[in-house]
Amino acid sequence: MLTVENLHKSFGGVNAINGIDLKFDAGTLTAIIGPNGAGKTSFFNLITGAFAPDQGRILFGTDDIAGLSSPDIVKRGIGRAFQIASIFPSLTVRETILGAVNAHRGWHTKLRRRFPLGEANAQADEVMELVGLTAKADKLSGNLSHGDQKLLDIALALALEPRVLLLDEPTAGMGPEERWQMIDTVHKLWQRKQMTLIFIEHDMDIVFKYAQTIRVLSYGAVLAEGKPDEIRNHPKVIEAYLGTAYEKGRG
Amino acid sequence: MDPQALLTCLSTASCVITQTTGGLISGMLLFLVAAGLSLIFGTLKVVNFMHGSLYMLGAYFAYTLYTATGNFTIAVVGAALGVGLFGLVFERLFMSRVYNTDVLMQLLVCYGFILILDDAVKIIWGAEFLSMGMPAAFQRPPIMIAGGILPVYYLFLIGVTLGVALLLGLLLTRTRAGKIVRAAAVNPTMTSALGINTALVFGGVFALGGLLAGLSGALAAPVRSMVAGMGFSILIESFIVTVIGGMGSIGGALVGALLIGLVRSFGTIGFPLFTEGVMFLFMTLVLITKPSGLFGKEH
Amino acid sequence: MRSTVWLDIVIAAAAMAVLLLLPLVFPGKAFSDFMIRLSAFAIFATSLNLLVGYTGLVSFGHGLFYGLGAYSFALMMQKLGTSIPVAFIATVGVSAAVATVVGAICIRLKEIYFSFLTLAFQMLLHSVIIAWTPLTGGDQGLTGGVPRPPFLGIRLDDPQHLYIFCSAVLVVSLYIMWHLVRSPFGYTMRMIRDNPRRAEFLGVRVWRVRLLAFVVAGVFGSIGGLLMSLFVSSAYPDFAYWTVSGEAVFMILMGGISVFFGPLVGAVMLLLLNDVVTRVTEHYSLMLGIIILCFALGLRKGLLGFVLWAWERRRAGAQ
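Position labels on residues start from 1 in each chain and follow its written sequence. By the order in which they are written, chains take letters starting at A while ligands take numbers starting at 1. Reporting in this predicted model follows two pLDDT cut-offs: at least 70 for local features of residues, and 80 or more for side-chain atom pairs to be given and counted; totals over whole chains, interfaces and linings ignore these cut-offs and use all residues. Only hydrogens and water are removed before side-chain values are computed, so all heavy atoms of the structure are retained for them.

J.: So what's going on with the overall build of chain C? Residues and values would help.
T.: In DSSP terms, a helix is any run of H or I states spanning at least four residues, a strand is any run of E spanning at least two, and both are numbered starting from the N terminus. A count of helical and extended segments in chain C gives 14 helices and zero strands. Its helices and strands in sequence order give chain C the pattern α-α-α-α-α-α-α-α-α-α-α-α-α-α, from N to C terminus. Radius of gyration here is computed from C-alpha atoms only, and the compact-globule reference equals 2.2 Å multiplied by the residue count raised to the power 0.38. The C-alpha radius of gyration computed for chain C amounts to 20 Å, which stays within 12% of the reference 20 Å derived for 319 residues, consistent with globular compactness. Projected onto the principal axes, the alpha-carbon positions of chain C cover approximately 60 × 50 × 45 Å.

Rendered as structure tokens:
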């Protein structure tokens, strides 16, 4: 579904991404882990066209999407949500999602037809239902709680009916209970929509419980990849990353 | 349009010299105003749209001080300090309240002050044109160079302005205060985290900007007639200068001001109706090709 | 949703009816003159708010289109002797073309630089008008009057007909813009104002939407100028001066930037203020300056914005 070959990117002489080769099969649920500064978010940025890679290919299906603009890449079916919820504060939840639905269907520059269009409305309802925001449909996005804003951010990506969904730390900044709720919602989404889901996560309990496969990044390169059990016992991973963070997470 | 007249002027040394000196002093006065505007933008990321009014205040302050004391030095220094103080008060009481709102609110506060000050000047000094007259020390025959006229006061004005430009450059690059100002321009939260009082820095920058504009107005008083609203055209021109030179760049302001001064001076001969047009043409071209200005840093 | 479209049409028709009846209550020429100026400024300010309030594009140079509309319409009427409807449509076309070119250049720039460049373009037009004396009459404005030949039984040289015409253009223009901000495009504009980067990751080509908004706003801005040139039967360089943009910005902020009818309310307020204050005191600037400061420092939501906000709060409190 998504294949990355020999990806390189440097910012002002610093190699953020230093030769990544990865393959994500259709319908899989993958976690990306790694210490801070490992290049996880940069990796997402390259895939979604926020920056063009210096070198390397990004194959979506069989097309090389490296260097395309973000709107072009999004339109092909790669959605993303952000570490810090990226929403539209002065629009209501429903308006926000309707806007995303319209963008997805190419209606976003229609001057004549009015909201709410029956079809768009139905899809927006479905998306709100999926993430559990139906009751807050008419609230201003900017007034939502932190967790709900993260959900809305994911809902925006879902409105695009993506085949690949990239979530950058869906549980960032949440309390323990909220985290499990969030990851549960994400997991259900993945099951219902049968898409390829890749998420960045720091909480190792969550990662080991939910991810089918794990990719470990360190210094802009792939340190290890495999099933949770393999990663748990991978000597390099323990040395570079788990040794500190995992213990801390437990303690 | 009169390209013929421009060519004739350019082919005679006397006309070139007269127009160049005229353009130079316009440019120098403009530089003082534009440098403050640029400094304020560079540090606070705020366009002080009432900067022209500070220039006007400087001229009127100088007029009053000069008629009261008869001493030109007191008039110039007093006017510059007075306007600097005014700038500080304006920043602390009004401008500082709209930093975190959008640019339109800043525009509005400045516009309100332009209107208020123009009317205040009319009430205090009257609506008629005022002229301060040339101070006695400079009432001597102009220097003639190849038939071109160079009044003594022009030399003085150019000297003072260049001195100020030099001092300003040294202040910003060599002193601790200057380094703080430049640091605050790059990252205001960082500087306040380092324990530097940003309110003091911002107020100080406004005071300095006001001082420069007031100095410009005071130096202009002997050679320009005064009227309420006189700050308008200098605001527009210094705005063009800062955009061309690069917002935040003092060197850029100097180059831009001289350029615009010369355009104005030679434009009145060659294209009197389109001098402003040429300035805006410059501004448009610079913004299109290098939005941060000829000497500005990209960010 | 169909029903709300009909409701809007009914409201627009009612507004038109009220405008037609008002001269019976206020029969004087002063009133109809006021309303004609109001229609020009309300359309102009509302069109600017499409950029400033809805798309987050802070244009300092919207007066470009006010001047362009006035001059292209007046010149077409004067020099080409076309009929009013033809000149009207041609003015819209010219403005759309100019807005496309100017907009494509300006929207590449970020934030304050966008504002500067729009201002520069406006002042360029102003300079051209001043300098191109043979065509424009320079700083004296167009002399000789704008001919207003009758069309379809409408005689715009008759003040009553002009009043009705301007009222109709006002209602139709506001109706179209209202419709626009409720359309999918209107939602996209607001999304871009709030968070352009996120909009990109939803597949929106942000520059296209901004350009389209710029063109639409330019077209309606020019219609404001057109009405003014019909009213004064001339066109003046001041129409393209930056103060025109400044007044429109002020109208928007007085009425309320976040409300569709804010600029309309602001236009009423500023024009009334003009008339009243100049009658009461000779210190017009002083008064206006103080009022401006009050809005900038105290009433940032604008009058209509504040009223709606207070009403919402009361309703929320009652529940």
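J.: Explain the side chain of Ser218 of chain A to me, using residue names and the numbers behind them.
T.: Residue and element names in this part refer to chain A. By the element assignment, Ser218 lies in strand 9 (residues 213–218). The classification of residues rests on relative accessible area computed with a 1.4 Å probe and restricted to protein chains. Under 20% of the type maximum is buried, over 50% is exposed, and intermediate values are partly exposed. Residue class for Ser218 comes out buried when judged on its relative accessible area of 11%. Throughout, a contact is declared for two residues whenever any of their heavy atoms are within 4.5 Å. Beyond its immediate chain neighbours, meaning those up to four positions away, Ser218 contacts Ala38 and Leu223.

J.: Talk me through the nonpolar core; I want residue IDs and the actual numbers.
T.: Ranked by size, the top nonpolar core spans 284 residues in total, and within it Ile97 of chain A, Phe239 of chain B together with Phe116 of chain C carry the most contacts. With 16 residues, the top contributor of residues to this core is helix 2 (residues 29–55) of chain C. Excluding residues within four positions of it along the chain, Ile97 of chain A makes contact with Ala124, Val127, Met128, Leu152, Ala155 and Ala159 of chain A. Val4, Leu7, Ile17 and Ile20 of chain A belong to the second-largest nonpolar core, a separate cluster that totals 24 residues. Among the buried residues, those of types Ala, Val, Leu, Ile, Met, Phe, Trp, Tyr and Cys that are joined through side-chain atoms within 4.5 Å form a nonpolar core.

J.: Could you give me a rundown of the sheet that holds strand 2 (residues 14–24) of chain A, with the residues and numbers involved?
T.: In short, DSSP must find at least two bridges between two strands for them to pair. The strand order across the open sheet formed by four strands is 2-1-4-5 (chain A), and the pairing between neighbours is antiparallel. The sheet is open, and its two edges are formed by strand 2 and strand 5 (63–64) of chain A, each paired on a single side.

J.: Mind laying out the confidence of the model for chain A, listing which residues take part and the relevant values?
T.: In predicted models, pLDDT denotes the confidence assigned by the predictor to each residue on a 0 to 100 scale. For chain A, mean pLDDT is 86; residues scoring 70 or higher make up 94% of the total. Per-residue pLDDT, averaged within each element of chain A, yields its smallest value for helix 9 (residues 235–250) of chain A (62) and its largest for strand 8 (residues 196–200) of chain A (92).

J.: Describe the arrangement of the chains, with residues and values.
T.: The interface with the highest contact count, out of two pairs of chains in contact, is the one between chains B and C. For the non-touching pair chain A and chain B, the nearest C-alpha separation works out to 14 Å.

J.: Please set out unusual backbone geometry residue by residue, giving values where relevant.
T.: All names here are of chain C. With a phi close to 40°, Glu111 is a non-glycine residue in the positive phi region. Mapped onto the secondary structure, Glu111 falls in helix 5 (residues 111–131). Given the relative accessible area of 67%, Glu111 is considered exposed. A positive phi angle is found at Ser233, which is not glycine, with a value near 55°. Its place among the elements puts Ser233 in the loop between helix 10 (206–232) and helix 11 (242–255). For Ser233, a relative accessible area of 17% gives the class buried.

J.: Go over the interface of chain A and chain C, please, and point to the residues and values.
T.: At the junction of the two partners, chain A supplies 37 residues and chain C supplies 29 residues. When two parts are brought into contact, each loses some accessible area as probed by a 1.4 Å sphere; the total of that loss over both is the buried area. Summed over both sides, the interface of chain A with chain C buries roughly 3000 Å², with 61% coming from carbon and sulfur. Any Lys or Arg side-chain nitrogen located within 4 Å of an Asp or Glu carboxyl oxygen qualifies as a salt bridge. Here chain A and chain C share three salt bridges between them. Between Arg190 of chain C and Glu95 of chain A there is a salt bridge, with its nearest N and O atoms 3.0 Å apart.

J.: Describe the interface of chain C and chain B, and please don't skip the residues or the numbers.
T.: Counting from both sides, the interface comprises 39 residues of chain C and, opposite them, 39 residues of chain B. Both faces considered, chain C and chain B share a buried interface measuring about 3700 Å² in area, 82% of it formed by carbon and sulfur atoms. One can count zero salt bridges joining chain C with chain B. Definition of a polar contact: a pair of N or O atoms within 3.5 Å, with one able to donate and the other able to accept a hydrogen when the atoms are protein atoms, and with sequence-neighbouring residues admitted only if both atoms are side-chain atoms. Taken together, the connections running from chain C to chain B amount to five residue pairs in polar contact (both at pLDDT 80 or more). Put simply, the parts of the chain that give the side of chain C that touches chain B at least two residues each are helix 5, helix 11 and helix 13 (284–297) of chain C. Looking at which element gives the most residues to the side of chain C that touches chain B, the answer is helix 5 of chain C, with 14 residues.

J.: Which residues make up the packing of aromatic side chains, and what values go with them?
T.: Each pair of aromatic rings taken from Phe, Tyr and Trp, with Trp reduced to its six-membered ring, is defined by centres within 6.5 Å and is described as stacked if the planes are under 30 degrees apart, edge-to-face if over 60, and tilted in the remaining cases. Within the structure shown, the criterion is met by 40 aromatic pairs over all chains. Seen in terms of ring centroids, Phe82 of chain A and Phe201 of chain C are 5.3 Å apart; in terms of plane orientation they differ by 65°. Their pairing is edge-to-face. Here the residue Phe82 of chain A occupies a position in the loop between strand 6 (78–81) and helix 3 (93–105), and Phe201 of chain C occupies one in the loop between helix 9 (196–200) and helix 10, the pair thus bridging two chains. Here the two residues Phe82 of chain A and Phe201 of chain C agree in accessibility, since each one is buried. Here the aromatic rings of Phe26 of chain C and Phe31 of chain C are separated by 4.9 Å at their centres, their planes lie at 25°, and the arrangement is stacked. By relative accessible area, which is 42% here, Phe26 of chain C ends up partly exposed. In this structure, Arg80 of chain A packs its charged tip against the face of Phe201 of chain C, placed 5.0 Å from the ring centre. Over the aromatic face of Tyr187 of chain C sits the side chain of Arg190 of chain C, whose NZ or CZ is 5.5 Å from the ring centroid. Put simply, a charge is over a ring when the Lys NZ or the Arg CZ is close to the ring centre, within 6 Å, and near the line of the ring normal, within 35 degrees.

J.: Tell me about the state of the cysteines, and please be specific about residues and values.
T.: Residue and element names in this part refer to chain B. Two cysteine sulfurs form a disulfide in these notes if their separation is within 2.5 Å. Summed over the entire model, instances satisfying the criterion amount to one disulfide over all chains. Shown here is the disulfide that connects Cys9 with Cys15, its sulfur atoms set 2.0 Å apart. One disulfide, between Cys9 and Cys15, carries an S-S torsion of -95° and so falls in the left-handed class.

J.: Quick one: what's the story with the sheet that holds strand 9 of chain A, residue by residue and with numbers?
T.: Residue and element names in this part refer to chain A. In space, the six strands of this open sheet follow the order 6-7-8-3-9-10, with mixed pairing throughout. Sheet topology places strand 6 and strand 10 (221–226) at the edges, where each strand pairs with a single neighbour. Direction aside, the axes of adjacent strands within the sheet are offset by 20° on average. The pairing of strand 6 with strand 7 (residues 164–168) spans four bridges and is classified as parallel. If you follow Ile78 over to strand 7, its bridge partner there is Val164. The axes used here are C-alpha line fits, helices contributing only the stretch in contact, and every angle between their N-to-C directions lies in the interval 0 to 180 degrees. Of the strands in this sheet, strand 3 (29–33), strand 7 and strand 8 are in contact with helix 6 (residues 176–193), which crosses strand 8 at around 160°.

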